[in-house]
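Structural description and commentary
The primary structure of each chain is shown beneath.
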Amino acid sequence: MKRLLALLLLALPASAQDRRSGFEDMARETQAMQRDDMQNPGMLWVAEGEERFNRDCTACHSESSMRGVATRYPAWDQATGAPIDLAGRIAQCVETRQHATPPARESQPLLALAAYVAHQSRGLPISRPTDPRLAPALEQGRALYGERRGQLDLSCVQCHDDNAGRRLAGSTIPQAHPTGYPLYRLEWQGLGSLQRRLRGCMTGVRSEPFAYGAAEYVALELFLNDRAAGMAIETPAVRP
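Since the model is a prediction, treat every value here as computed from it, not as a measurement.

For the chain, the count of helices and strands is nine helices and seven strands. With the principal axes as the frame, the chain shows a C-alpha extent of 55 × 40 × 30 Å. The buried share among the 240 residues of the chain stands at 47%. Long-range contacts, defined here as pairs at least 24 residues apart, represent 69% of the contacts in the chain between residues at least 6 apart. The distance from the centre of the 28 positive side-chain charges to the centre of the 27 negative ones in the chain is 4 Å.

Time to look at the pattern of salt bridges. Working definition: two side chains of opposite charge can pair if their charged atoms are close together. Per the stated rule, a full pass over the model turns up 14 salt bridges. Salt-bridge contacts for arginine 142 lead to glutamate 139; the nearest nitrogen and oxygen are separated by 3.3 Å. Placement of both arginine 142 and glutamate 139 in helix H6 (residues 135–146) is noted, with a separation of three residues, approximately one turn of the helix. Residue arginine 142 is classed as partly exposed on the basis of its relative accessible area, which comes to 36%. Of the charged contacts, one joins arginine 149 and glutamate 147 as a salt bridge, the two residues approaching to 2.8 Å between their closest N and O atoms. According to the relative accessible area criterion, glutamate 147 is partly exposed, its value standing at 35%.

It is worth spelling out the packing of aromatic side chains at this point. The relation between two aromatic rings is expressed through the spacing of the ring centres and the mutual angle of the planes. For the structure on display, the rule yields four aromatic pairs. Here the aromatic rings of tryptophan 45 and tyrosine 184 are separated by 6.0 Å at their centres, their planes lie at 55 degrees, and the arrangement is tilted. With tryptophan 45 in helix H3 (residues 43–56) and tyrosine 184 in strand E5 (residues 183–185), the pair connects residues that are 139 residues apart, well separated along the chain. In this structure, tryptophan 45 and tyrosine 184 share a single accessibility class: buried. Here tyrosine 145 and phenylalanine 223 contribute two aromatic rings whose centre-to-centre distance is 5.1 Å and whose plane-to-plane angle is 50 degrees, an arrangement assigned as tilted. Taken together, the residues span a long stretch of sequence, with tyrosine 145 in helix H6 and phenylalanine 223 in helix H9 (residues 215–227) at a distance of 78 residues. Between the NZ or CZ atom of arginine 196 and the centre of the ring of tryptophan 188, over which it lies, the distance is 4.1 Å.

Cut-offs applied
Residues numbered from 1 in each chain as written. Predicted model: local features only at pLDDT ≥ 70, side-chain atom pairs only at ≥ 80, totals over all residues. Heavy atoms only, no water. Helix = DSSP H or I, 4+ residues; strand = E, 2+ residues; numbered from the N terminus. Buried < 20%, exposed > 50% of the residue type's maximum accessible area, 1.4 Å probe, protein only. Contact = heavy atoms within 4.5 Å. Lys, Arg positive; Asp, Glu negative; His and termini not counted. Charge placed at Lys NZ, Arg CZ, Asp CG, Glu CD. Salt bridge = Lys/Arg side-chain N within 4 Å of Asp/Glu carboxyl O. Phe/Tyr/Trp six-rings, centres within 6.5 Å; stacked < 30°, edge-to-face > 60°. Lys NZ or Arg CZ within 6 Å of the ring centre and 35° of its normal.

See below:
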């Protein structure tokens, strides 16, 4: 299997040494789909999220107050004494402030609200986590990113650092910067979170994935955002 993977990886272009969004590696038609809000299918979730936000959230929040929020998640959560991602914060708010059953991970309501909130930060740079309380989780995420996993004995580093820009089975290996989540993936024919993508990578190397909402996923997202600090948010991005 390792020999097969090696044969599928072609020469690494010099431009792949530069930090770049997965948007740059897509076909022009897919790029055009993301650029045009009338064609971008992810905007359907943003529209639903806006409706839910206006119905349920405006007693505490305004649309303008959401500008920049997504740039700084995962963030420290005082209530739990642990890092929390944006979807987790939304679910927590529904439960504690609205006294309603929180939406499940990867459910339509949670994805829609997360897409709407993140969309308010489109074009803004991802912030580097500076809260010292996040340091242990950041290091945990860094370790998980470099850890070999599964029956294929592969790490995130081997694909998305060492071989980014090469082609694997006809597809360009991206640098794995989380600039567009939740995003619409053509393979999924729907919107999905970064955690869904991470689970897909884990099952792809034949490793047991963590449960949705696991601290390990939050730590990985924290590290990936630190790695992508300064890059612009694209939500909702479109990917192949």
